[in-house]
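Understanding the architecture of this molecule
Each chain is listed here by its residues.
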Amino acid sequence: MRVFSNNTMQILAKALDTASLRQSVLAHNIANVNTPGYKRSYVVFEESLQKALGKNKGIILAGDKPGHIRPPQTAAEVRPVVETDRNTSLRQDGNNVDIDAEMVQVAMNSINYNAAASQLNSRLGILRYVINDGRR
Amino acid sequence: MRLFNSLAISATGLTAERLRMDLISSNIANINTTRTAEGGPYRRKVAVFAEQLEQALGSRQGYRGKGVQVAAIVQDNSPDKLVYDPSHPDADPQGYVHLPNINIVTEMVDLITATRSYEANVTVLNAGKAMAMKALEIGRG
């Protein structure tokens, strides 16, 4: 049995990574709230992860040649992607940072981070419990 | 490390907004200044903000955001305010005094914007700090 490299651990580690990347992106957006022409960036991760987790049950194509259709990503391969929203403008100067939406995202992101860290902690706690033969 | 990166980004926001606030203070303090080193009345000064990006290519996960920077401090060249006061030592031959092109209402609105943006950056900084502290707890429980 793989103790540390199982799916849950990997996904939790990815969730922590994503939350810290997202924190940087949000900080960048909020720092640039008064920069004329600035367009906000955002992190795409959860949707791709959901898709990857759902797809594991289907038939997986062998994509071993460059011309092949790529097989669906597995959860371990999913990476957070930073994208930029270039289509909207909130103000006359072309800036599209919505400070309210960004601050809500900051709050949600830090809760997400804490949740993932707690999950990881309790998983490690269970492992420790087993290693200590149930003696804590 | 990613988390310290986000703290550094918030710090650039704080620096930029504070500089803007300094300029606004300077503008308001000099609202009646008619003599400057360059000659003529004081002119309104504005900070120009620009997005700051990481120079190094191929940064991890392709994100290059590094916060905000003040690209330049420019003078507002809109016309001076003219006040008729022939007894003033700096009055021109027609008796008009050239006062700085500062509108106190604009400055106060800018001041509030700068303060609020500063506060927003502080909030983000605190959130990032809390996340960094939480990371230290991993594996302790």
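Refer to the structure presented above.
Everything quoted here is computed from the prediction, not taken from an experiment. (Residues numbered from 1 in each chain as written. Chains lettered and ligands numbered in written order. Predicted model: local features only at pLDDT ≥ 70, side-chain atom pairs only at ≥ 80, totals over all residues. Heavy atoms only, no water.)

1. As for the environment of S110 of chain A
Residues and elements named next belong to chain A. Here S110 is to be found in helix α3 (residues 99-131). Counting along the chain gives 83 residues from S110 to A27, while the straight-line C-alpha distance between them is 12 Å. In this structure the side chain of S110 is engaged in a polar contact, spanning 3.2 Å, whose partner is the backbone oxygen of A107. (Helix = DSSP H or I, 4+ residues; strand = E, 2+ residues; numbered from the N terminus. Polar contact = N/O pair within 3.5 Å; in protein donor to acceptor, adjacent residues only side chain to side chain.)

2. Focus on the packing of helix α1 (residues 7-31) of chain A against α3 of chain A
Residue and element names in this part refer to chain A. Closest axis-to-axis distance for the α1/α3 pair is 9 Å, and the angle between their directions is 155°. In this view, α1 runs roughly antiparallel relative to α3, as classed from their interaxial angle. Our pair here, α1 against α3, has a crossing hand that is left-handed. When grouped by side-chain class, the residues that make up the contact of α1 with α3 number 16 nonpolar, seven polar and three charged. (Axes fitted to C-alpha atoms, helices over the stretch in contact; angles between N-to-C directions. Parallel < 35°, antiparallel > 145°, perpendicular 65-115°, else oblique. Left-handed = near helix turned anticlockwise from the far one by under 90°. Nonpolar A, V, L, I, M, F, W, Y, C, P; charged D, E, K, R; others polar.)

3. Points about the side chain of T18 of chain A
All names here are of chain A. Here T18 is to be found in helix α1. Of the residues examined, T18 reaches a relative accessible area of 1% and is grouped as buried. In terms of polar contacts, T18 uses its side chain to reach the backbone carbonyl oxygen of K14, at 2.7 Å. Contact partners of T18, with chain neighbours within four places excluded, come to V43, F45 and P80. (Buried < 20%, exposed > 50% of the residue type's maximum accessible area, 1.4 Å probe, protein only. Contact = heavy atoms within 4.5 Å.)

That is the geometry; function is a separate question.
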